[in-house]
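Notes for the structure review
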Amino acid sequence: MTQQIIREAPAPEPLEGQQANSFFYVPAPNEPILNVNNIQGNILGGFNKDYQALLFLEIENPNAFKHWLKSQINFIATASEVIAFNRLFKSARQRRGREGTVKATWVNVAFSFEGLKKLTNDADSFKDESFKAGLAARAADLNDPVDKNGKPIGWVVGGPDNGKVDVVFIIASDERADLLAEISRILESIVAFTDGKGNAKSSGARITFLEEGANLPAPLSGHEHFGNLDGISQPGIRGRVADNPKDLLTPRQNPENKNQGKPGQDLLWPGEFVFGYEGQDNDAKKLEHSKGQVVSAGLHWANDGSYLVFRRLRQDVYKFHKFLNDIAVDLDTDARKVSAKLIGRWPSGAPTVRTPEEDAPSLGNDDNANNDFEFNGDDPPDGKFFKNDVVPPSKDATGLRCPFIAHTRKTYPRNDKTPGGGGPGPEEIDRSEVTTQTHRLLRRGIPYGPVSPSRPNNPLQDANFVDRGLHFLAYQTSIVEQFEFVTKFWANNPNFSEEAAKGHEFEGKLTLGHDPIIGQSENNKPNGDRTRKFFIHLEDDQNQPQTKELTAPEDWVIPTGGGYFFAPSISALKEVLTK
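Since this is a predicted model, take the numbers as computed values, not measurements.

Along the backbone of the protein chain there are 15 helices and 15 strands. Here the C-alpha radius of gyration of the protein chain, 23 Å, is about what a compact globule of 579 residues would show, namely 25 Å. Judged by the C-alpha coordinates and their principal axes, the protein chain covers about 80 × 65 × 45 Å. Across the 579 residues of the protein chain, 59% fall into the buried class. Within the protein chain, counting contacts between residues at least 6 apart in sequence, those at least 24 apart form 71% of the total. Computed over 67 positive and 79 negative side-chain charges, the separation of the two mean positions in the protein chain equals 4 Å.

Core analysis: the largest hydrophobic core is formed by 76 residues, its most contacted members being F65, F111, F126, F169 and L342. In terms of residue count, the dominant contributor to this core is helix α8 (residues 317-331) (seven residues). Residues contacting L342, with those up to four places away along its chain left out, are F320, F323, L324, I405, A406, H407, P516, I517, F534, I536 and L550. Of all hydrophobic cores here, the second largest spans 38 residues; its members include V36, F47, W106 and F310.

The next thing to look at is the environment of Q253. Its place among the elements puts Q253 in the loop between β5 (236-237) and β6 (267-268). A relative accessible area of 10% places Q253 in the buried class. Taking the C-alpha atoms as reference points, Q253 and I59, 194 residues apart in sequence, are found 45 Å from one another.

Looking now at the layout of surface pockets. The calculated volume of the second largest pocket comes to roughly 520 Å³. Around the second largest pocket, the lining comprises 26 residues; the ones closest to its centre are N257, Q260, D266, E374 and E433. When residues in the lining of the second largest pocket are grouped by element, the largest group, three residues, is from helix α12 (residues 428-436).

Further remarks concern the pairing of strand β14 (residues 545-552). The pairing of strand β13 (residues 532-539) with β14 spans eight bridges and is classified as antiparallel. The residue bridging R532 from the neighbouring strand is A552, located in β14. The hairpin turn running from β13 into β14, its antiparallel successor, is five residues long, and N543 in that turn takes a positive phi close to 65°.

For the structure on display, the rule yields 33 salt bridges. Residue K337 pairs with E357 through a salt bridge whose shortest N-O separation is 2.8 Å. Of this pair, K337 sits in helix α9 (residues 335-343) while E357 sits in the loop between α9 and α10 (361-364), placing them 20 residues apart in sequence. The structure contains a network of salt bridges with shared partners spanning E31, R238 and R252.

The rules behind these values
- Residues numbered from 1 in each chain as written.
- Predicted model: local features only at pLDDT ≥ 70, side-chain atom pairs only at ≥ 80, totals over all residues.
- Heavy atoms only, no water.
- Helix = DSSP H or I, 4+ residues; strand = E, 2+ residues; numbered from the N terminus.
- Rg over C-alpha atoms; globule rule 2.2 N^0.38 Å.
- Buried < 20%, exposed > 50% of the residue type's maximum accessible area, 1.4 Å probe, protein only.
- Contact = heavy atoms within 4.5 Å.
- Lys, Arg positive; Asp, Glu negative; His and termini not counted.
- Charge placed at Lys NZ, Arg CZ, Asp CG, Glu CD.
- Core = buried A, V, L, I, M, F, W, Y, C linked by side-chain atoms within 4.5 Å.
- 1 Å grid on protein atoms, 1.4 Å probe; cavity = no way out; pocket = protein on both sides within 12 Å on 5 of 7 lines; lining within 4 Å.
- Points joined across faces, edges and corners; volume = space filled by probe spheres on them.
- Pairing = 2+ DSSP bridges.
- Salt bridge = Lys/Arg side-chain N within 4 Å of Asp/Glu carboxyl O.

So this is what it looks like as structure tokens:
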């Protein structure tokens, strides 16, 4: 049964006679009707399952593969199906107070550029150069560890020394038994494909990699292996799923701001994530007036599709927890507080902007509160260095509550001043926020590997090597301007964001640095110095403020594979890729 909290998933419109107490059904007649019967389900709806597997294939015989692929199209889940299920699941859970009433198994598919070239003659018309190059070729630019020739080191999938990954199937289910049954169905169809008359045929495909992921068991359900609640801050998406102007993909749940879904969840135009719809206007002066042009991939048949980035990220839990514990001893504080300052959230998901010195699980568990904050601006102190449980919208321009280097701030700076703001002036904050929203991602990741016995306050090393981490999956319409931009210019950039940190120096230094979680040093060749530095602020156990530059001697998150893919529409599968 699904234990993972379904975050940001659409909610059902009330039936006649129901009271809509928690949703504000603001009509949006000017927002586009999304072709949810043609868009794959994981893109907009999100599978949100406890169990998920990734199956990678090489296309050996394109003509045979097209016949096999055609037999699989009816198994590909649509956004319409997934959104309807997510609505039903949430409604049934809320009414019955338990889970397990409904369950489903979903399948989606995506293709690498090399895979598309085997199936169609016009793949070169895709405009995204990073998609066409592939992740392995871009690894050095992302500061991944590479050899002297720029080839990624230690990859188990997607690398030049691994099997080809022309195709990836995403299989997800509420029950592991159902997941395994669907995987078996697909594998059997590949190795023992038959036509409609029962004649044996080649599928034209070779299986190159298969790996399961799973929501971690309680009490870590919904968390990643380091112990932090994951998947909290997802962008809201403008658009309707039917002709009814009130049937919105992202319900409007903030009566104070009609341009948000949940409080703090800014609404973006769907072209940021699905081709064929209006995207954000990078030149707009204010976020609420940022409707841009229709976004194209370069081919008409790519409409209703999306780019998918996959990163297999191994997490060294012991080394991360040992670092936290060592720093906590040095600063006379708790290791979980150090973690919160590096992440920007406590393990419960409560943001440090709103509760900087202690966890607040009730805040972390409240989807209408745990994302309700900004960065630019300040709340006054409350008789001490910081103030806990501030009334939203809380702010933190100084970087004292949420350090400028915190993972959540580095990867989503909200309304922080950034280079995109155009420099000092009355429009800098608004312009910064406008440009920041053009770099968002729809994240669909899930952990893989067994839970570690280690905890921040009690680091424990595995007796033998254990491979655990995250299957990072994210949808977007520009790999260059979304995934790669966030990685290269924010997470890996120790000087981001100077614009936000100026005026808040500590002993004459800007309190900046790498993203301590996923940021990587530019010294990525063999024997290169992978040291990263970053500043944090906190109160110690004597309620005294501490500001210190920390040094991380090695990486705790290590790329071990991945790929760039395109998730086509159902019509493209039927009319282009199987013809």
